[in-house]
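Reading the structure
Spelled out, the chains give:
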Amino acid sequence: MTEKIKIGILTAGGDCPGLNAAIRGVGKSAIIEYGMKVYGFLNGFSGLIENEYKVLDENSLSGILTLGGTILGTSREKPFKALTDEDQILSKPEKIQQTYKELGLNCLVCIGGNGTMKTAYKLSEMGLNVVGVPKTIDNDVWGTDFSFGFDSAVNIATEAIDRLHTTANSHKRTMVVEVMGHNAGWLTLYSGIAGGGDVILIPEIKYDKRVIKKYLLNRQKSGKPYSIIVVAEGIDIPLKKDGTKRKSSAGTYISRMIQELTGLETRETILGYIQRGGTPSPGDRIIATGLGEHAARLIHEKKYGFMSAYENTKIVSISLKDVAGKTKTVPEDHSLIKMARSLGTCFGDSLEGE
Ligand code: F6P
């Protein structure tokens, strides 16, 4: 009798909606379609280092499609960081190799963002068979049009912006809302456009505070009762006069700046981790399932060292070597930016028509 193919799955980095859908996508197709045995490592790469796992079967993979978070837990453990821990006999990558060998794994599925894909690539360089699945609300994984988690976060942020419109209108206020996304502006761009933001500030476009001031005062003069400013957490904010970093977040900085420059009554909302919580959107469930199922197929076909990716509405494979170490940011000439500009949206760099 031929031995079963054994695979490991882990979720690493910041969580997002759709992780369980992806675990289920990989696991169910691995078990049902290919007859594989599936180990789920706990808390990201920590579980692989410490040999902590649970065996996943059809029952444990049932009923998790709509669940937020991850049934495996996650962590920000980066096994290739600080390789020289002298108290340890084995380095973390060596411990990972040991776990992999001891369990007799044929492949490891790493579900994560940019950092995870880089680690996955380094593990494949060490000789482990690895396949990647991209997740993140930031949508900044290189080589895939969309990563799951993003669509749900766009929905959450958009709903929050919708709610800010009504209270902003009642009080005739300027509302600043800070959106996550790390150093990429995808989440801010999409939710800003979907939520009808008047000013959208993203890390990829350098803003000028004089432009924002003029734009907001023009709106007020023309009789618009309120304004909504959607700000990415990763925009540049200036250092303090003494050259040290500000403790305030991007949203708080922009809100205070606007109030000071324009005299308009301004309030800020920092959306934070609610953007990562809760049930995945239908779109994310579908992408996560598809990317996961594709990963299992890659293993079946012994195509290791690849990441499942979403390209032009199709699920494809892309080499981890091409993905590792890169970040997908918003191109300044992105069609959505052009579209929003032509509707009068301000990106802080120039006023339309000037
Ligand atoms: O990558 C997802 C993300 O939520 C980013 O948008 C944010 O900058 C970061 O993670 C927050 O990280 P942590 O969970 O470590 O606080």
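I will try to describe carefully the structure that is included in this document.

Definitions and limits used
Note on numbering: residues in each chain are counted from 1, in written sequence order. Restriction of local features to residues with pLDDT of at least 70 applies here, the model being predicted, together with a cutoff of 80 or more for giving and counting side-chain atom pairs; totals for whole chains, interfaces and linings are based on all residues. Neither water nor hydrogens contribute to the side-chain values; these are computed over all heavy atoms in the structure. Runs of E in the DSSP output that reach at least two residues are strands. Runs of H or I that reach at least four are helices, and both are numbered from the N terminus. Every helix has an expected span of 1.5 Å times one less than the residues it contains. Only protein chains enter the accessibility calculation, which uses a 1.4 Å probe. A residue is then buried if its area is under 20% of the maximum for its type, exposed if over 50%, and partly exposed in between. If a single non-hydrogen atom of a residue is within 4 Å of a molecule or strand, that residue counts as near it. Here a polar contact is taken to be a pair of N or O atoms separated by no more than 3.5 Å, where protein atoms must pair a possible hydrogen donor with a possible acceptor and residues adjacent in sequence count only if both atoms sit in side chains. Under the convention used here, a 1.4 Å probe and the Shrake-Rupley method define accessible areas, while residue burial counts only the protein chains that appear. A cavity, in this analysis, means grid points on a 1 Å lattice covering only the protein atoms where a 1.4 Å probe fits yet has no way out; a pocket is instead an open set bounded by protein on both sides within 12 Å along at least five of seven lines, and a residue lines either one if it has an atom within 4 Å of a point. In this description, a molecule resides in a pocket or cavity if more than half of its atoms sit within 2 Å of the grid points defining it. Any residue that is not Ala, Val, Leu, Ile, Met, Phe, Trp, Tyr, Cys, Pro, Asp, Glu, Lys or Arg is counted as polar, Gly included; the first ten are nonpolar and the last four charged. Between 30 and 60 degrees the pair is tilted, below 30 it is stacked and above 60 it is edge-to-face, where a pair is any two Phe, Tyr or Trp rings, Trp via its six-membered ring, whose centres lie within 6.5 Å. In this analysis the charged atom, NZ for Lys or CZ for Arg, is taken to sit over a ring once it is within 6 Å of the ring centre and within 35 degrees of the ring normal. The rule for pairing is simple: two strands pair if DSSP sees at least two bridges between them. Interaxial angle, 0 to 180 degrees, is taken between N-to-C directions of lines fitted to C-alpha atoms, where a helix line uses only the stretch in contact. Contacts are residue-level and defined by heavy atoms, with any inter-residue pair within 4.5 Å sufficient. Grid points are joined across faces, edges and corners, and a volume is the space filled by probe spheres set on the points. Only buried residues count toward a nonpolar core, which is a set of Ala, Val, Leu, Ile, Met, Phe, Trp, Tyr and Cys residues joined through side-chain atoms within 4.5 Å.

Regarding helix α9 (residues 282-300)
The end-to-end C-alpha separation of α9 is 27 Å, in line with the 27 Å expected for 19 residues at 1.5 Å each. Turning to α9, its buried residues number three or more, namely D284, I287, A288, G290, L291, G292, H294, A295, A296, L298 and I299. K302 sits one or two residues past α9 and shows a positive phi near 60°.

Remarks on the site of the ligand
R76, I137, D138, M180, G181, H182, E233, Y273 and R276 make up every residue found near the ligand. In this structure, an oxygen atom belonging to the ligand sits 2.5 Å away from a side-chain N or O atom of E233. Interatomic distance of 2.4 Å between a side-chain N/O atom of Y273 and an oxygen atom of the ligand. Here the ligand has 400 Å² of accessible area as a free molecule, and 74% of this is covered by the chains. According to the grid-proximity analysis, the pocket containing the ligand is the largest pocket. For the shell around the ligand, the residue count by class is three nonpolar, two polar and four charged.

Considerations on the packing of aromatic side chains
Remark: the centre distance and the inter-plane angle together describe each pair of aromatic rings, the angle taken between the planes. Across all of its chains, the model carries six aromatic pairs by this definition. Between F146 and Y190 the ring centres are 6.3 Å apart and the planes differ by 90°, which places this aromatic pair in the edge-to-face class. Pair noted here: F146 is in the loop between β5 (130-134) and α5 (150-171) and Y190 is in helix α6 (residues 186-194), with a separation of 44 residues, a long-range link. Aromatic rings pair up to connect F146, F150, Y190 and Y310 into one cluster. For K326, the ring lying beneath its charged end belongs to W142, and the centroid distance is 3.9 Å. Its end group placed over the ring of W186, K328 keeps NZ or CZ at 5.2 Å from the ring centre.

Some thoughts on the sheet that holds strand β6 (residues 174-179)
Each strand in a sheet pairs with another by means of backbone hydrogen bonds, the pair being arranged parallel or else antiparallel. The four strands are arranged β7-β8-β6-β9 in an open sheet whose pairing can be described as parallel. Only two strands of the sheet have a single partner each, and these edge strands are β7 (199-201) and β9 (266-270). Ignoring which end each strand starts from, the neighbouring axes of this sheet average 15° apart. Packed on one face of the sheet, helix α8 (residues 250-262) meets β6, β7, β8 (227-232) and β9 and runs near 175° to β9.

Considerations on the layout of surface pockets
When its volume is computed, the largest pocket comes out at roughly 790 Å³. As for the largest pocket, its lining consists of 33 residues, of which R76, K78, N114, G115 and H182 are closest to the centre. At six residues, the largest contribution of residues to the lining of the largest pocket is made by helix α4 (residues 114-125). In terms of residue class, the lining of the largest pocket is built from seven nonpolar, 13 polar and 13 charged.

Things to note about the sheet that holds strand β1 (residues 6-11)
Taken together, the seven strands give an open sheet; going across it, the order is β3-β2-β1-β4-β5-β10-β11, and neighbouring strands pair in mixed fashion. Only two strands of the sheet have a single neighbouring strand rather than two, namely β3 (53-56) and β11 (314-319). Taken pair by pair, the neighbouring strands of this sheet meet at an average axis angle of 25°, ignoring direction. With respect to the sheet, helix α3 (residues 92-103) is in contact with β1, β2 (37-41), β3 and β4 (107-112), its orientation differing from that of β2 by roughly 155°. Helix-sheet contacts for α4 involve β4, β5 and β10 (306-311), and the interaxial angle to β4 is about 165°.

Notes on the environment of S222
Structurally, S222 can be placed in the loop between α7 (209-221) and β8. Engagement of the side chain of S222 in a polar contact is seen with the backbone oxygen of R219, the distance being 2.9 Å.

Topic: the side chain of R276
Take R276: it is sitting in the loop between β9 and α9. Here D15 takes part through its side chain, which lies 3.0 Å from a polar atom of the side chain of R276. Apart from residues lying up to four places away in sequence, R276 is in contact with G14, D15, C16, P17, R76, I137 and M180.

Observations regarding the nonpolar core
Grouped together as the largest cluster of nonpolar side chains are 60 residues, with contacts concentrated most on I7, I9, V109, I111, F148, L187 and I228. A per-element tally of this core places α5 first, with eight residues. Of all hydrophobic cores here, the second largest spans 27 residues; its members include F80, C110, M307 and I318.

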